[in-house]
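In case you want the letters, here they are:
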Amino acid sequence: MLELSGIHSGYGQTTILQDVSLTVTEGEVVTIVGANGAGKTTTLRTISGLLKPSAGTIRFDGKDITKLSSHETVELGITMIPEGRQLFPDMTVRENLLMGAYRKGAQASQSQLMDEVLALFPRVEERLEQKANSLSGGEQQMVAIARGLMAKPRLLMFDEPSLGLAPIIVSQVFDVIDSIVKTGATVLIVEQNVFHTLKAADRGYVLENGEVVLTDDADALLENPHVRKAYLGI
Amino acid sequence: MDVFLQVVVNGLLLGGLFAITSVGLTLIFGIVKVVNFAHGEFLMIGMYATFLISTKLGLHPYAAVAAVVPLLFVLGMLTQKLLIEPLMSARNHDIQIFATVGLSTALINLALLLFGADIATTPAYGLRTAIEIGPIRMLVGQIVMFGVATALVIGLHFFLQRTRSGRGIRAVAQNRAAAQLMGINVSRVYMITFGLGAACVGLAACLVAPLYPTSPGIGTYFVLTAFVVVVLGGLGSIGGAFLGAMIIGLIDSLSGFYIGSDMREVAVFGVFLLILILRPQGLFGGRLKLSHVS
Ligand SMILES: Nc1ncnc2c1ncn2[C@@H]1O[C@H](COP(=O)(O)OP(=O)(O)O)[C@@H](O)[C@H]1O
Ligand SMILES: [Mg+2]
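Undergrad: Hey, could you run me through the sheet that holds strand β8 (residues 186–190) of chain A in this one?
TA: Within a sheet, each strand pairs with its neighbour through backbone hydrogen bonds, oriented either parallel or antiparallel. All names here are of chain A. Taken in spatial order, the six strands make up an open sheet running β6-β7-β8-β3-β9-β10, and their pairing is mixed. Both outer strands of the open sheet, β6 (78–81) and β10 (211–217), are each paired with one neighbouring strand and no more. Strand-to-strand twist of the sheet, defined as the mean angle between neighbouring strand axes without regard to direction, takes the value 15 degrees. Direction of pairing for strand β3 (residues 29–34) relative to strand β9 (residues 203–208): parallel, over a ladder of five bridges. Within β9, the residue paired with valine 33 across the bridge is valine 206. With respect to the sheet, helix α1 (residues 40–48) is in contact with β3, β6, β7 (155–159), β8 and β9, its orientation differing from that of β7 by roughly 150 degrees.

Undergrad: Can you walk me through the confidence of the model for chain B in this structure?
TA: Any region with low pLDDT has predicted coordinates that should not be read closely. All names here are of chain B. Per-residue confidence for chain B gives a mean pLDDT of 90, with 95% of residues at or over 70. Of the regions scoring below 50 in pLDDT, residues 287–294 engages in 35 contacts with residues more than four places distant in sequence or in other chains. For this predicted complex, the interface confidence score (ipTM) comes to 0.92, while the overall pTM stands at 0.90.

Undergrad: I tried to follow the coordination of the magnesium ion (ligand 2) on my own but got confused; where do I start?
TA: When four donors bind a metal tetrahedrally, each ideal donor-metal-donor angle is 109.5 degrees, and when six bind octahedrally, the ideal angles are 90 or 180 degrees. Residue and element names in this part refer to chain A. Those donors, Thr41 (OG1) and Glu83 (OE), are the protein atoms that reach the magnesium ion (ligand 2), and they lie 2.0 to 2.4 Å from it. Highlighted residues: threonine 41 in helix α1 and glutamate 83 in the loop between β6 and α3 (93–100), separated in sequence by 42 residues. Under the relative-accessibility criterion, glutamate 83 is labelled partly exposed at 32%.

Undergrad: How should I be thinking about the state of the cysteines in this particular structure?
TA: Working definition of a disulfide: a covalent bond connecting the sulfur atoms of two cysteines. Within the structure shown, the criterion is met by zero disulfides over all chains. Considering cysteine sulfurs only, Cys200(B) is the nearest to Cys206(B), which forms no disulfide, with 12 Å between them.

Undergrad: So what exactly am I meant to see when it comes to the interface of chain A and chain B here?
TA: How large an interface is tends to be reported as the accessible area lost when its parts come together. Facing the 22 residues of chain A at the interface are 20 residues of chain B. Across the chain A to chain B interface the summed buried area is about 2,000 Å²; carbon plus sulfur atoms make up 59%. At the boundary of chain A and chain B, one finds one salt bridge. Across the salt bridge formed by Glu95(A) and Arg170(B), the nearest N and O atoms sit 2.6 Å from each other. One can count seven residue pairs in polar contact (both at pLDDT 80 or more) joining chain A with chain B. Going through the elements one at a time, α2 (70–76) and α3 of chain A are the ones with two or more residues in the side of chain A that touches chain B. Tallying contributions element by element places α3(A) first for the side of chain A that touches chain B, with four residues. Along the lines of polarity and charge, the residues of the side of chain A that touches chain B split into eleven nonpolar, six polar and five charged.

Undergrad: Can you walk me through the packing of α3(A) against helix α7 (residues 137–149) of chain A in this structure?
TA: Describing two packed helices takes the angle between their axes plus the distance from one axis to the other. Residue and element names in this part refer to chain A. Orientation of α3 relative to α7, taken along the N-to-C sense of each, is 35 degrees, at an axis distance of 7 Å. In the packing of α3 onto α7, the handedness of the crossing is right-handed. Taking contact as the criterion, the partners of Val93, Asn96, Leu97 and Gly100 in α3 are, on α7, Val143, Ala146 and Arg147. Here the contact of α3 with α7 is composed, by residue class, of four nonpolar, two polar and one charged.

Undergrad: Looking at this structure, I do not really get a nonpolar patch on the surface. What am I missing?
TA: Residue and element names in this part refer to chain B. A contiguous nonpolar patch, built from Met1, Val3, Phe4, Leu5, Phe257, Tyr258, Ile259, Met263 and Val266 and spanning about 920 Å² of accessible area, is present on the exposed surface. Taken together, the elements giving at least two residues each to the nonpolar patch come down to α1 (2–32) and α10 (238–258). Ranked by the residues each element gives to the nonpolar patch, the list is headed by α1, at three residues. Along the chain, the position of phenylalanine 257 falls in helix α10. When its relative accessible area of 47% is taken as the criterion, phenylalanine 257 is described as partly exposed.

Undergrad: Please explain empty space enclosed by the protein as it appears in this structure.
TA: It is the rolling of a water-molecule-sized probe over the atoms that shows where space remains empty. Residue and element names in this part refer to chain A. Inspection of the entire model under this criterion finds three cavities of 30 Å³ or more. In terms of lining residues, the largest cavity is bounded by Val29, Phe174, Ile177, Asp178, Val181, Val187, Ile189, Thr197 and Ala200. Element by element, the count of residues in the lining of the largest cavity is highest for helix α8 (residues 167–182), at four residues. Here the lining of the largest cavity is composed, by residue class, of seven nonpolar, one polar and one charged.

Undergrad: Just to check I follow, could you spell out α3(A) for this structure?
TA: Residue pairs spaced three or four apart in an α-helix point in one direction, given the helix's 3.6 residues per turn. In terms of residue burial, α3(A) counts as a mostly covered element, since seven of its eight residues are buried. Restricting attention to buried positions, one finds in α3(A) the residues Val93(A), Glu95(A), Asn96(A), Leu97(A), Leu98(A), Met99(A) and Gly100(A). At its buried positions, α3(A) is contacted by α5 (110–120), α6 (122–126) and α7 of chain A together with α5 (140–162) and α6 (164–174) of chain B.

Cut-off values and rules
- Residues numbered from 1 in each chain as written.
- Chains lettered and ligands numbered in written order.
- Predicted model: local features only at pLDDT ≥ 70, side-chain atom pairs only at ≥ 80, totals over all residues.
- Heavy atoms only, no water.
- Pairing = 2+ DSSP bridges.
- Helix = DSSP H or I, 4+ residues; strand = E, 2+ residues; numbered from the N terminus.
- Axes fitted to C-alpha atoms, helices over the stretch in contact; angles between N-to-C directions.
- Contact = heavy atoms within 4.5 Å.
- pLDDT = per-residue confidence, 0-100.
- Donors = N, O, S within 2.8 Å, 3.2 Å for Na, K, Ca; no water.
- Buried < 20%, exposed > 50% of the residue type's maximum accessible area, 1.4 Å probe, protein only.
- Disulfide = S-S within 2.5 Å.
- Buried area = accessible area lost by both parts, 1.4 Å probe.
- Salt bridge = Lys/Arg side-chain N within 4 Å of Asp/Glu carboxyl O.
- Polar contact = N/O pair within 3.5 Å; in protein donor to acceptor, adjacent residues only side chain to side chain.
- Nonpolar A, V, L, I, M, F, W, Y, C, P; charged D, E, K, R; others polar.
- Left-handed = near helix turned anticlockwise from the far one by under 90°.
- Patch = residues over 30% accessible without salt bridge, like charges linked within 9 Å, V, L, I, M, F, W, Y side chains within 5 Å.
- Areas by Shrake-Rupley, 256 points an atom, 1.4 Å probe, with all protein chains shown as cover.
- 1 Å grid on protein atoms, 1.4 Å probe; cavity = no way out; pocket = protein on both sides within 12 Å on 5 of 7 lines; lining within 4 Å.
- Points joined across faces, edges and corners; volume = space filled by probe spheres on them.

Set out below in structure tokens:
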């Protein structure tokens, strides 16, 4: 479904990603593992079109989307739940969710999507008329995920959904992600909680200094000595 | 008592003028986050266009709305696309200020070239006639302006709060990066918003032209108060700017009558400075953001 080949990308003159290639097949859960600053967020931004690669191609459903802007990739069904929630602070939770369904492909089924999404997030439903900036960090993360689902995504990309949350909240976030995975969604996830993520994923890529140094099935990566030492602290 | 009532009504009518000339500025500042120093010159262009349409075609100045509003909409979109957008990636906002100041100067000189320094008087078609309601005298054109200003503010509020496009515009103002991830074409929203802001001042121009003489410097005359209104309203709040306009109108009118007409600007800017010292976020900033645009 998604195919990156030989991607070089970065900010201005600074190249961060060096020759990154990766694929995500429909229905698969793929994770990118890497240290802080390895280029995980940069990879997701490049896929969504917020950053334009300086070399390489990105294909989605076989179609070349390398040069598309983010509003165009969103329209194709590529949805990113960004690092740090990034809600619309002065809007209510309901309005934030409606913004998720802003894209043409989701608009028509907006109210049906709202019902489906709220069924997954009973806590969010209680907060519908509250301003987003009045929520706790954990609640905001739930809204950010719910807003992502409102886009009726074909490929859902998570960027560090558990970052900065209390341990109890982290496990709630993972419960939600697990239940999304169970629906058969296609997911590309970046997460500092490598152990849990590899458990949930089918395959993984290890990114170091902007380069893919290792890729394998998630089970194999869990057993890999380098991964165990560098990312699982075992 | 009657005199006091008349002075208050005059102040509110003046507030209508300040509101309609500043709504576009507020909209652009609240969403695109650009201070458009050429705002006054957009008004001036609209007034000349109204003058030309009503004198050359013999039309009522209000009929010029049909041409002036679209003209200013396009002018605003072009300003954003050709002048502001190329400078947006330049993280330095001073450059945008220089750009709009430059545009303002260029437009004033263009008007001097085309129309000379003399004033142009748009036919009034009875809009400068006073009508009397009880003891109160009001100009027809002022009443219309007040009504249109109120309707425009309510209309914009409704558009921003209740429509899908309005929600998209607010999203861009509140979190640009997230708005992009929702599939919004941010540079298009900026262009349309700049166009809408300019269109508002185009509408203002058609209402102002029959009441005030047009000259190349007229924009500078009006825009100073418009800036005061925008800051007072809380920088980007449309409802706040409307109330700010009414307050400035009242101060102007009351001080002009009770202190002396040459003291009006002193009073207006004195109160403005006082409020800035006591409430730097503006009178209604953060508290009464009717449109929550910033
Ligand atoms: N907006 C930016 N401008 C310039 N450099 C950036 C920017 N964002 C991130 N970087 C740099 O790019 C590198 C990779 O960052 P990132 O993709 O955010 O890493 P990760 O998500 O894996 O922690 C880092 O060295 C970081 O400093
Ligand atoms: Mg990151």
